Amino acid sequence: MTEYKIALVGFGGVNRGFAQLVADHNAEWKVALGFSVRIVGVTDLFLGSIVDKDGLDAKQLVALPTEKGAFAQLPGGNAEAFNETVIKHSGADIIAEATFTNPVDGEPATTFCRWALESGIHVVTTNKGPVALHGAELKALARRNNVAFEYEGAVMSGTPVIRLARQALAGSNILGFEGILNGTSNYVLTQMKNGLTFNEAVTQAQQLGYAEADPSADVEGFDVRLKVVILANELLDARLNVSDVTCSGISNITAQDIAQATADGASWKLIGCAERDVQGSVRASVEARLLPGTHPLAGIGGAINAVSFHSELLGAVTVSGPGAGRIETAFALLSDIVAIHTVYGK
Ligand SMILES: NC(=O)C1=CN([C@@H]2O[C@H](COP(=O)(O)OP(=O)(O)OC[C@H]3O[C@@H](n4cnc5c(N)ncnc54)[C@H](O)[C@@H]3O)[C@@H](O)[C@H]2O)C=CC1
Ligand SMILES: N[C@@H](CC=O)C(=O)O
């Protein structure tokens, strides 16, 4: 029986959600998935760090109070975040990287991924920064070190999009995509329709664990822009940089705009899209659009996301599911570990 030793880098909503999955489901994974997981280290800028090569108690980790330096309360824990030690020297086979997304340079998460990959350790991440801004370099680094760099949760949380398009739609000739790719902004638009103010809806999205550390990334479209870059580079063979994608958000949409749209049977949605033209160049954008009620994306509400892939052989294929959420995104880390097990396991 394979047992993966995992170190968690960042212990906010997503990695705490992953520890919860381990606490609740590790025994059944042995039977259903053919492996189990042992958490050997955790590090977090706010909480500190802890390593135990014999394995940490996942339930105890989940129950840790969100207080500065809280890991010092556990035997062997420290109030300081020894990120490099935990990544390189905890004995982990896999690093689950879930620190904040930095949309400018992807740091420090990109450095964390590099440390792991250079040390021959697999990386699973939900962080959009390293993938959108340094994806090609990190994939090459992983290949050179014969390890995996997996990031299913970087787009649409636990809803399978990247692997589905890359594997199940291989050969269909994907020409483009359009989608609702941010849970927070879709939740905000939905709650404004239900009568909340913009600020009240953003606060709710933060409480529910959907929003970025800086929620302006959600409502100004920057988060979707990273996801568009990831999907376009992955599926359209594009080499887009963030600056290639035109970008605007939803913060200018007023309660009156929403009411008018509702009266007209339409809905405002933040849409990220990209398409390849006949010359092979890819154009991409992020913007709020007023969709008629008949549009397939018009009825997607709350933190649910959806993306339609346009392919030569199938026409439109649309996938819909959770676009944010702690447990939903933690599931994406599990799906990455399953993918690693399929290739490297046994
Ligand atoms: N929450 C969600 O629904 C989704 C989140 N993501 C991405 O997953 C990642 C994690 O998300 P959440 O857990 O919700 O964020 P969070 O803000 O709850 O947790 C991030 C944690 O990283 C820690 N951290 C920040 N800088 C660090 C550093 N230099 N070293 C060590 N730890 C550091 C923070 O102290 C915090 O506890 C983010 O990149 C986010 O964009 C992706 C898909 C969905
Ligand atoms: N803040 C993001 C989280 C997932 O990427 C969102 O709301 O979609």
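None of the values given here were measured: they were computed from a predicted structure.

Q: Mind showing me how you'd approach the packing of helix α7 (residues 183-193) against helix α11 (residues 255-263) here?
A: Any two packed helices are characterised by the angle at which their axes cross and by the distance between the axes. Following both chains from N to C, one finds α7 and α11 inclined at 75°, their axes separated by 9 Å at the closest point. When the axis of α7 is compared with that of α11, the two are roughly perpendicular. Contacts from Leu189, Met192 and Lys193 of α7 reach α11 at Ala255, Ile258 and Thr262. Among the residues forming the contact of α7 with α11, the class breakdown is four nonpolar, one polar and one charged.

Q: Just to check I follow, could you spell out the layout of surface pockets for this structure?
A: It is a probe the size of a water molecule, rolled over the atoms, that shows where empty space is left. Size it by volume and the largest pocket reaches roughly 990 Å³. Along the wall of the largest pocket there are 42 residues; nearest its centre are Gly12, Gly13, Ala98, Thr99 and Phe100. Put simply, the parts of the chain that give the lining of the largest pocket at least two residues each are α1 (13-32), β2 (35-44), α7, α10 (222-235) and α12 (326-344). Looking at the lining of the largest pocket, the element that brings in the most residues is α1, giving three residues. Taken together, the residues of the lining of the largest pocket sort by class into 14 nonpolar, 20 polar and eight charged. Two domains share the lining of the largest pocket, each providing at least three of its residues, namely domain 1 (2-157 + 326-344) and domain 2 (162-322).

Q: Looking at this model, I keep getting lost on the site of ligand 2. Mind explaining?
A: In the vicinity of ligand 2, the contacting residues are Lys128, Asn182, Gly183, Thr184, Tyr210, Ala211, Glu212, Asp218, Asp223, Lys227, Gly323 and Ala324. A distance of 2.7 Å separates an oxygen atom of ligand 2 from a polar atom in the backbone of Gly183. Contact with the protein chains removes 92% of the 250 Å² of surface that ligand 2 exposes when unbound. According to the grid-proximity analysis, the pocket containing ligand 2 is the largest pocket. Broken down by secondary-structure element, the contributors of at least two residues to the shell around ligand 2 are α7 and α10. Here the shell around ligand 2 is composed, by residue class, of three nonpolar, four polar and five charged.

Q: I'm lost on the domain arrangement of the protein in this one. Help?
A: The figure often quoted for interface size is the accessible area lost as the parts come together. When the domains of the protein are assigned, the result is domain 1 (2-157 + 326-344) and domain 2 (162-322). Relative placement of domain 1 and domain 2: their C-alpha centres are 27 Å apart. Domain 1 puts 20 residues into the contact, and the matching count from domain 2 is 25 residues. It is Lys128, Val155 and Met156 in domain 1 that bury the most area against domain 2; as a group they hold 36% of the surface buried on that side. Across the pair Glu152 and Arg163 runs a salt bridge, and its minimum N-O distance is 3.8 Å. Linking domain 1 with domain 2 are ten residue pairs in polar contact (both at pLDDT 80 or more), by the criterion used here. When residues of the side of domain 1 that touches domain 2 are traced back to their parent elements, those giving at least two are α5 (128-144) and α12. Of the residues contributing to the side of domain 1 that touches domain 2, the split by class is ten nonpolar, three polar and seven charged.

Q: Any chance you could explain the sheet that holds strand β9 (residues 266-276) here in plain terms?
A: Taken in spatial order, the six strands of this open sheet run β8-β10-β9-β7-β11-β12, and their pairing is mixed. Two strands bound the open sheet, and with one partner strand each, they are β8 (245-247) and β12 (315-322). Averaged over all pairs of adjacent strands, the angle between strand axes in this sheet comes to 20°, irrespective of strand direction. Summarising the sheet, strand β11 (residues 304-311) and β12 pair through eight bridges and their orientation is antiparallel.

Rules and cut-offs
Residue numbers here run from 1 along each chain, matching the order of that chain's written sequence. As they are written, the chains are lettered A onward and the ligands numbered 1 onward, keeping that order. Side-chain atom pairs in this predicted model are given and counted only at pLDDT of 80 or more, local residue features only at pLDDT of at least 70, and totals for whole chains, interfaces and linings cover all residues. Calculated side-chain values reflect all of the structure's heavy atoms, with hydrogen atoms and water omitted. A fitted line through C-alpha atoms represents every axis, and for helices the fit uses only the stretch in contact; the resulting angles, taken between N-to-C directions, go from 0 to 180 degrees. To qualify as a helix, a DSSP run of H or I must reach at least 4 residues; to qualify as a strand, a run of E must reach at least 2; elements of each kind are numbered from the N terminus. In this scheme, roughly parallel covers angles under 35 degrees and roughly antiparallel covers those over 145, while 65 to 115 is roughly perpendicular and the rest are oblique. It only takes one pair of heavy atoms within 4.5 Å for two residues to be counted as in contact. Each residue receives one of three labels: charged for Asp, Glu, Lys and Arg, nonpolar for Ala, Val, Leu, Ile, Met, Phe, Trp, Tyr, Cys and Pro, and polar for the others, Gly being one of them. A 1.4 Å probe that fits into a set of points on a 1 Å grid over the protein atoms alone but cannot get out defines a cavity; an open set with protein on both sides within 12 Å along at least five of seven lines defines a pocket, and lining residues are those with an atom within 4 Å of a point. Grid points are joined across faces, edges and corners, and a volume is the space filled by probe spheres set on the points. The split into domains, and so the bounds of each, comes from an automatic or database assignment of domains. One heavy atom within 4 Å of a molecule or strand is enough for the residue carrying it to be called near that molecule or strand. Identification of polar contacts relies on pairs of N or O atoms within 3.5 Å, with a donor-acceptor requirement for protein atoms, meaning one able to donate a hydrogen and the other able to accept it, and with residues adjacent in sequence counted only if both atoms are side-chain atoms. Reported accessibility uses the Shrake-Rupley method at a 1.4 Å probe radius. Residues are deemed covered only where the shown protein chains occlude them. By definition, a pocket or cavity contains a molecule when more than half of the molecule's atoms lie within 2 Å of the pocket's grid points. For any pair of parts, buried area is found by adding up, for both, the accessible area (1.4 Å probe) each one loses once the two are put together. A carboxyl oxygen of Asp or Glu within 4 Å of a side-chain nitrogen of Lys or Arg is what we treat as a salt bridge. Pairing between strands is defined by DSSP: at least two bridges between them are needed.

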